[in-house]
Amino acid sequence: MGANFGDLDNDGFLDIYVGTGAPDLSTLLPNRMFRNANGQFFQDVTTSGGFGHLQKGHGVSFGDLDNDGDQDIYEVIGGWFSGDSYQNVLFENPGHGNHWITIAVEGTRTNRSALGARLKVRVATPQGPRDIYATVSIGGSFGDSSLQQEIGLGDATSIEAVEVMWPVTGQTQVFRDVAMDQFIRIREGEATVTRLQRKPFRLNGSSSHEHPR
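Predicted model, so just to flag it, every value in this text is computed and none were measured.

Enquirer: Describe in detail a nonpolar patch on the surface, supporting the description with residues and values.
Expert: Side chains of Leu65, Tyr74, Val76 and Leu90 sit close together on the surface and give an oily, nonpolar patch of about 320 Å² of accessible area. On the secondary structure map, Leu65 appears in the loop between strand 5 (57-63) and strand 6 (72-77).

Shown next, in the form of structure tokens:
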């Protein structure tokens, strides 16, 4: 009934969360979480990650809700009939220690939300250079994910370049030597990136100056 993708462990490979269900009141299926294992296959981490909710899942959204550099999951829960309703759920990401970069992309000639813009982040890793790709979109079925690009960098040692291809003009901008583990904004046509100040906080209400890892 709903599905979306994101990078739970910031390893640079997109994982998939599936909200299962059907209109029939008797349907009882667990929602499923599949981790992308180095781009080779998917591992079912529904039980080990605590995602096995038995109520009917619909809209699934990935996004860094607490500004700590990793993506959390929000899911709309409930069936077709009013008597099959349930509370929505929020899965807070405990963190995994991998590097990341969050990029708010803003269009000028392209639409302001930069929908359709394509990004390539080239990083240096102990195994050699690696390219990680992202496209500005809302994600998958029903649920709308964060439009800022929350990109996991895995065991990268540095970012060599960030490329943005703008869909209206077809032009590509390249930004070099961007620091990891920060929030930045890239505006179409501007030659430099802008660092954004985002204060992390705990979803239970207490604030924190450190990223929980």
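Enquirer: I'd like to hear about the sheet that holds strand 3 (residues 32-37), residue by residue, with values.
Expert: Strand order in the open sheet made by the four strands is 1-2-3-4, with antiparallel pairing throughout. Pairing within the sheet leaves two strands with one partner each, and these edge strands are strand 1 (2-6) and strand 4 (41-44). Strand-to-strand, the axes of this sheet are offset by a mean angle of 25 degrees, without reference to chain direction. By the bridge criterion, three bridges tie strand 2 (residues 15-19) to strand 3 in an arrangement that is antiparallel.

Enquirer: Tell me about the packing of aromatic side chains, and name the residues and values.
Expert: Aromatic ring pairs are defined here through the distance separating the ring centres and the angle between the ring planes. Evaluated as defined, the whole model comprises four aromatic pairs. Put simply, the rings of Tyr17, Phe51 and Phe91 touch in pairs and so form one group of aromatic residues. Positioned over the ring face of Phe13 is Arg130, at 4.3 Å from the centre of the ring.

Enquirer: Describe in detail the pattern of salt bridges, supporting the description with residues and values.
Expert: Oppositely charged side chains can pair when the atoms bearing their charge come close. What the rule picks out here adds up to nine salt bridges. A salt bridge links Asp44 to Arg32; its shortest N-O distance comes to 2.6 Å. One end of the pair, Asp44, is in strand 4; the other, Arg32, is in strand 3, with twelve residues separating them in the sequence. Between Glu163 and Lys120 there is a salt bridge, with its nearest N and O atoms 3.8 Å apart. Of this pair, Glu163 sits in strand 12 (residues 158-165) while Lys120 sits in strand 9 (residues 118-125), and the two are 43 residues apart along the sequence. For Glu163, a relative accessible area of 25% gives the class partly exposed. Here the salt bridges do not stand alone but share partners, grouping Glu106, Arg112, Arg187 and Glu190 into one network.

Enquirer: Break down the confidence of the model for the chain for me, with residues and values.
Expert: Averaged over every residue, the pLDDT of the chain is 91; residues scoring 70 or more account for 96%. Note on residues 206-213: pLDDT under 50 across the span, and 29 contacts to partners over four residues away in sequence or across chains.

Enquirer: Residues and numbers for the sheet that holds strand 8 (residues 99-106), please.
Expert: Across the sheet, which stays open at both edges, the four strands sit in the order 11-8-14-15 with mixed pairing between neighbours. The open sheet has two edge strands with one neighbour each: strand 11 (149-154) and strand 15 (194-196). In this sheet, neighbouring strand axes are inclined to one another by 30 degrees on average, regardless of whether the strands run parallel or antiparallel. The sheet contact formed by strand 8 and strand 11 spans five bridges and is antiparallel. Paired with Thr102 across the strands is Glu150, a residue of strand 11.

Enquirer: Talk me through the nonpolar core; I want residue IDs and the actual numbers.
Expert: Ranked by size, the top nonpolar core spans 23 residues in total, and within it Ile103, Ile151, Leu153 and Ile159 carry the most contacts. Going through the elements one at a time, strand 8, strand 9, strand 10 (128-135), strand 11, strand 12 and strand 14 (183-187) are the ones with two or more residues in this core. Those residues within four positions of Leu153 in sequence are excluded, and the remaining contacts are Asn10, His99, Trp100, Ile101, Val121, Val123, Ile132, Ile159 and Met180. Counting residues in each nonpolar core, the second largest holds eleven residues, with Tyr17, Met33, Val45 and Ile77 among its members.

Enquirer: Break down the side chain of Ser61 for me, with residues and values.
Expert: Turning to its location among the elements, Ser61 is positioned in strand 5. Look at Ser61 and you get buried, because its relative accessible area is 18%. Separated by 3.0 Å, the side chain of Ser61 and the backbone oxygen of Asp144 make a polar contact. Not counting the four nearest positions on each side in its chain, Ser61 is found in contact with Asn4, Asp72, Ile73, Tyr74, Gly143, Asp144 and Ser145.

The rules behind the values
Residues numbered from 1 in each chain as written. Predicted model: local features only at pLDDT ≥ 70, side-chain atom pairs only at ≥ 80, totals over all residues. Heavy atoms only, no water. Patch = residues over 30% accessible without salt bridge, like charges linked within 9 Å, V, L, I, M, F, W, Y side chains within 5 Å. Areas by Shrake-Rupley, 256 points an atom, 1.4 Å probe, with all protein chains shown as cover. Salt bridge = Lys/Arg side-chain N within 4 Å of Asp/Glu carboxyl O. Helix = DSSP H or I, 4+ residues; strand = E, 2+ residues; numbered from the N terminus. Pairing = 2+ DSSP bridges. Axes fitted to C-alpha atoms, helices over the stretch in contact; angles between N-to-C directions. Phe/Tyr/Trp six-rings, centres within 6.5 Å; stacked < 30°, edge-to-face > 60°. Lys NZ or Arg CZ within 6 Å of the ring centre and 35° of its normal. Buried < 20%, exposed > 50% of the residue type's maximum accessible area, 1.4 Å probe, protein only. pLDDT = per-residue confidence, 0-100. Contact = heavy atoms within 4.5 Å. Core = buried A, V, L, I, M, F, W, Y, C linked by side-chain atoms within 4.5 Å. Polar contact = N/O pair within 3.5 Å; in protein donor to acceptor, adjacent residues only side chain to side chain.

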